[in-house]
Amino acid sequence: MIFPRFRIKFVTHSINLYNSYSATAQSKFPRRIFSGIQPTGQIHLGNYLGAVSQWVKLQQNNEDMILSIVDLHSMTLPHDPKTLPNSILEMTATLLACGIDPSKVILFQQSMVPAHTHLSWCLGCISTMARLAHLPTFKEKSANLKDVPLGLYIYPVLQAADILAYKATHVPVGEDQTQNIELTQDLARMFNNRFGETFPIPHCIYTGSEFSRLKSLRDPSKKMSKSDPDPKSRICLNDSPDDILKKIKKSVTDFTSEVTFDPDKRPGVSNLISIHSFVSGRTVEEICGEVQNVNTGKYKLQVAEAVISHVQPIQKRIDDLMSDEEYLAKVLKMGAEKATEISENTLDEVKRKLGLQFRIKSAHQQKINV
Ligand code: TYM
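Draft legend 1. Seen up close, the site of the ligand. Neighbouring residues of the ligand: 28 residues in total, closest Gln38, Asp162, Gly174, Asp176 and Met224. A distance of 2.7 Å is found between a nitrogen atom of the ligand and a side-chain nitrogen or oxygen belonging to aspartate 162. A distance of 3.2 Å is found between a nitrogen atom of the ligand and a side-chain nitrogen or oxygen belonging to glutamine 177. Burial of the ligand by the protein chains amounts to 96% of its free accessible area of 720 Å². For the shell around the ligand, the secondary-structure elements that each account for two or more residues are strand E2 (33–37), helix H2 (45–60) and helix H7 (150–164). Split by residue class, the shell around the ligand holds 11 nonpolar, 12 polar and 5 charged. Mapped onto the domain boundaries, the shell around the ligand takes at least three residues apiece from domain 1 (5–212 + 326–354) and domain 2 (222–321).

Draft legend 2. Geometry of the pairing of strand E4 (residues 106–109). Neither face of E4 is left uncovered, since the one carrying Ile106 and Phe108 and the one carrying Leu107 and Gln109 both have all their residues buried. Both strand E3 (residues 65–69) and E4 contribute to a ladder of 4 bridges, which runs parallel. Considered in E4, the bridge of isoleucine 66 is made with isoleucine 106. In this region the chain leaves E3, passes through helix H3 (residues 84–98) and returns to the parallel neighbour E4; the handedness of that crossover is right-handed.

Draft legend 3. A look at the nonpolar core. Leu45, Tyr48, Trp55, Leu95 and Val307 are the most contacted members of the largest nonpolar core, which totals 60 residues. The element that contributes the greatest number of residues to this core is helix H12 (residues 296–322), accounting for 11 residues. Counting 39 residues, the second-largest nonpolar core is a separate cluster that includes Tyr153, Tyr155, Leu187 and Leu347.

Draft legend 4. Seen up close, H12. If you check H12, its first and last C-alpha atoms are 37 Å apart, about what 27 residues at 1.5 Å a residue would give, namely 39 Å. By the largest-angle criterion, valine 311 marks the main kink of H12, which is about 30 degrees, and a proline, proline 313, follows within four residues.

Draft legend 5. Fine view of the domain arrangement of the chain. Split by domain assignment, the chain resolves into domain 1 (5–212 + 326–354) and domain 2 (222–321). One C-alpha centre belongs to domain 1, the other to domain 2; they are set 28 Å apart. Across the contact, 29 residues belong to domain 1 and 25 residues belong to domain 2. A combined buried area of about 2300 Å² lies between domain 1 and domain 2, and 68% of that area is made up of carbon and sulfur atoms.

Draft legend 6. A look at the pattern of salt bridges. Tallied over the full model, the rule gives 18 salt bridges. The residue glutamate 210 makes a salt bridge to lysine 215 at a minimum N-O spacing of 3.4 Å. Look at lysine 215 and you get buried, because its relative accessible area is 15%. Between aspartate 320 and lysine 316 there is a salt bridge; the shortest N-O distance is 3.0 Å. Of this pair, aspartate 320 and lysine 316 both sit in helix H12, 4 residues apart, which is roughly one turn of the helix. Linked through salt bridges whose partners overlap, the residues forming this network are Arg131, Asp186 and Arg189.

Draft legend 7. Representation of the environment of leucine 123 in the model. Relative to the assigned elements, leucine 123 resides in helix H4 (residues 115–124). In contact with leucine 123, other than residues within four places in its own chain, are Val157, Ala160, Ala161, Leu164, Leu187 and Phe191.

Draft legend 8. The packing of aromatic side chains, seen in detail. Throughout the structure, instances matching the rule amount to 7 aromatic pairs. Following the ring pairs from residue to residue traces out a cluster consisting of Phe34, Phe108 and Tyr166.

Draft legend 9. A look at the pairing of strand E6 (residues 203–207). Among the 5 residues that make up E6, 5 are buried, leaving the element largely enclosed by the rest of the structure. In E6, alternate side chains face the same way, and those of His203, Ile205 and Thr207 on one face and Cys204 and Tyr206 on the other are all buried. Judged from the 3 bridges that link them, strand E5 (residues 170–172) and E6 form a sheet pairing that is parallel. Bridged to valine 171 within E6 is cysteine 204. With helix H8 (residues 178–195) bridging E5 and the parallel E6, this β-α-β connection has right-handed handedness.

Draft legend 10. Spatial organisation of the environment of proline 156. Relative to the helices and strands, proline 156 resides in helix H7. Between the C-alpha atom of proline 156 and that of serine 221, which follows or precedes it by 65 residues, the distance is 25 Å. Dropping the residues within four chain positions of it, proline 156 is found in contact with Leu135, Asn180 and Leu183.

So, how was this worked out
Residues numbered from 1 in each chain as written. Predicted model: local features only at pLDDT ≥ 70, side-chain atom pairs only at ≥ 80, totals over all residues. Heavy atoms only, no water. Near = heavy atom within 4 Å. Polar contact = N/O pair within 3.5 Å; in protein donor to acceptor, adjacent residues only side chain to side chain. Areas by Shrake-Rupley, 256 points an atom, 1.4 Å probe, with all protein chains shown as cover. Helix = DSSP H or I, 4+ residues; strand = E, 2+ residues; numbered from the N terminus. Nonpolar A, V, L, I, M, F, W, Y, C, P; charged D, E, K, R; others polar. Domains from an automatic or database assignment. Buried < 20%, exposed > 50% of the residue type's maximum accessible area, 1.4 Å probe, protein only. Pairing = 2+ DSSP bridges. Right-handed = clockwise from strand over helix to strand, strands pointing away. Core = buried A, V, L, I, M, F, W, Y, C linked by side-chain atoms within 4.5 Å. Expected span 1.5 Å × (residues − 1). Bend = angle between axes of the 7 residues up to and from the residue. Contact = heavy atoms within 4.5 Å. Buried area = accessible area lost by both parts, 1.4 Å probe. Salt bridge = Lys/Arg side-chain N within 4 Å of Asp/Glu carboxyl O. Phe/Tyr/Trp six-rings, centres within 6.5 Å; stacked < 30°, edge-to-face > 60°.

This is the structure we're talking about:
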């Protein structure tokens, strides 16, 4: 899918993309992109603006890109085995409907590729409990749990394995993933130092400005999130026009009636302008110029209209794709075959470096050694 007047400016992590690469490392590890998304719940506008739209843009630039539907990650909190298979297919359909082209990138289901869990164990053996306990996503998700599943604690190690299994150099994600990618960098460095240079140090790529951390519609001090118990806090790509309108009308703004963009002082209305800017392909300045005489109540109706007309064609494509499950399964199988080939090579190298492989000497060589 070509985004009409797509104007996202790609910015990179505040660390220069290559500043920790030596010239030799750059040539040793060619640019490769890896990212993933959990097949839990529906894609919301945060996932779409912060991650999926970046992937489509990177694909248009002919990048070497690998994308995973990370089903093993979705087991870190209690899940329903009856609905998960459909969620995986639905996520596949959604990514294709958003413009991901499986002939240009590798798209696969994580659990179909064994190297992820194997490498995760190897990396887990060099991770420390103290380091994992400090990760904000763990703190956030475990805060209200009495019994914290071990999977929730160690999933950032699996995430590091996802990335390093492909020797990926860049990871397009929303800002909430920053600390997990920093852990990946640390593990790559630790492994390289102990066992010899094996992995590149991967870096985040963010979509510009507010898109990398889209806010909740109900509480703009928080990010828009699948795990927020209030469904009115997020707009999902498959929401009906009626739901979209209701959610945007009910979104929290402030007591000032003008529409101005100031993410620090006016996070609610600025969040709506960001969404509007993305779905309409117009800049924040253009939008603010046009709505000078419109109050926030009326402005919300304009935003809702723009969101509805942006998501409706995507919804139609999702429905069409969901009517051909065989095709979706074929896409995932083809992706898994390619992903397995690449990741098994990495795993072989890792096993050799960790001393998990031995070469059997012939009887003749053994005698000479004696
Ligand atoms: P997940 O499934 O929670 O989210 C998928 C992507 O959406 C981004 N995102 C957002 N971006 C902007 N604003 C928001 N409000 C917002 N909410 C979510 C996330 O940053 C993410 O990029 N652990 C990961 C999945 C994963 C992964 C990986 C990612 C597993 N292995 C390897 C990259 C590389 C996660 O749970 O994403």
